Amino acid sequence: MEKYFKKEGRYSFYEAGEGTPIVVLHGLMGGLSNFDAVASYFSEKGYKVIIPNLPIYTQSILKTNVKAFAKYVKDFITYKGFDRVILLGNSLGGHIALYHTKMYPEKVAGLVLTGSSGLYESAMGDSYPKRGDYEYIKKKAEDVFYDPKIATKELVDEVYASVNDRIKLIKTLTIAKSAIRHNMAKDLPKMHVQTCLIWGRNDRVTPPSVAEEFSELLPNATLYWIEKCGHAAMMEHPDEFNRLLEDWLTHTHLKAH
């Protein structure tokens, strides 16, 4: 992924391919590499895939909330000169995508949500997290996936480091509170954008009932399930994820021309 990484002004982002822009929004603990398979696949299929590094831990505490991140995404899209984009978000990234769509519907051609927060927020902070307890963090990281082996030591170490960084911990809790405050249930019925929901049948962070609720509340949503899959479908079952997303893009005529 390295060679596609760019830094311009206040933005750093991954960018590959040419065509219809897909802007990918990562989650709280998710690095850009979580979307490796999506990026390499769709950038060869007539899409320009862009993954901005969201300023989750670098903005002032007053700008550490869902609404401010949505504004950041809008500014980024404007900076890049895109008219309309397809937004794809996982976890907190899905919530930011939803809030962005609520605020700037004219910018969004289509919405793709996987394991998104926005309706159900134990995702963020039920017992979040015990500082210093490596085994606990490891268990939490493994819970994200159906197959705990995907939570490599490297990934657990990264989460552990974040949790033991006092500033990051404070910001994480601030985001968790903001996510609860910005519950989208009342907004979703008014959001008519074509929406693709791809959900892991075994998601323990945002359970299947959450996907069903999104599907009921969003007027133009299509829900796809991936079996034996947890909270990060694009990491756990990348080929299946890409196939379902491509199907949906074709059916909704958002397919690249």
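Details of the structure are given in the entry above.
Quantities reported herein were computed from a predicted structural model and do not represent experimental measurements.

Draft legend 1. Inspection of the nonpolar core at higher detail. One finds Leu87 and Phe214 to be the most contacted residues of the largest nonpolar core, which totals 39 residues. Among the elements of the structure, strand E2 (11-16), strand E3 (20-25), helix H2 (66-79), strand E5 (85-90), helix H3 (92-103), strand E6 (108-114), strand E7 (195-200) and helix H8 (208-217) are those that each provide at least two residues to this core. A total of seven residues in this core trace back to one element, the largest contributor, which is H2. Look past the residues within four positions of Phe214 in its chain and what remains in contact with it is Leu98, Ser116, Ser117, Gly118, Leu119, Leu188, Leu197 and Trp199. Membership of the second largest hydrophobic core comes to 38 residues, among which are Tyr14, Ile22, Cys229 and Leu245.

Draft legend 2. Region of interest: the pattern of salt bridges. According to the stated counting rule, one finds 16 salt bridges in the structure shown. Between Lys48 and Glu18 there is a salt bridge whose closest N-O contact spans 3.2 Å. With a gap of 30 residues between them, Lys48 in strand E4 (residues 47-52) and Glu18 in the loop between E2 and E3 connect regions that are remote in the sequence. Assessed through its relative accessible area of 12%, Lys48 is described here as buried. On the accessibility criterion, Glu18 (57% relative accessible area) is exposed.

Draft legend 3. Representation of the side chain of His100 within the structure. Looking at the element boundaries, His100 is found in helix H3. Not counting residues within four places of it along the chain, the set of residues in contact with His100 comprises Ala70, Val73, Lys74, Ile77, Leu87, Pro105, Lys107 and Val108.

Draft legend 4. How the structure looks around the layout of surface pockets. Roughly 270 Å³ of volume is contained in the second largest pocket. Taken together, 17 residues make up the lining of the second largest pocket; nearest its centre are His26, Leu28, Asn53, Tyr57 and Lys168. No other element matches helix H6 (residues 153-163), which puts three residues into the lining of the second largest pocket. Grouping the constituent residues of the lining of the second largest pocket by class yields eight nonpolar, seven polar and two charged.

Cut-offs applied
- Residues numbered from 1 in each chain as written.
- Predicted model: local features only at pLDDT ≥ 70, side-chain atom pairs only at ≥ 80, totals over all residues.
- Heavy atoms only, no water.
- Core = buried A, V, L, I, M, F, W, Y, C linked by side-chain atoms within 4.5 Å.
- Buried < 20%, exposed > 50% of the residue type's maximum accessible area, 1.4 Å probe, protein only.
- Helix = DSSP H or I, 4+ residues; strand = E, 2+ residues; numbered from the N terminus.
- Contact = heavy atoms within 4.5 Å.
- Salt bridge = Lys/Arg side-chain N within 4 Å of Asp/Glu carboxyl O.
- 1 Å grid on protein atoms, 1.4 Å probe; cavity = no way out; pocket = protein on both sides within 12 Å on 5 of 7 lines; lining within 4 Å.
- Points joined across faces, edges and corners; volume = space filled by probe spheres on them.
- Nonpolar A, V, L, I, M, F, W, Y, C, P; charged D, E, K, R; others polar.

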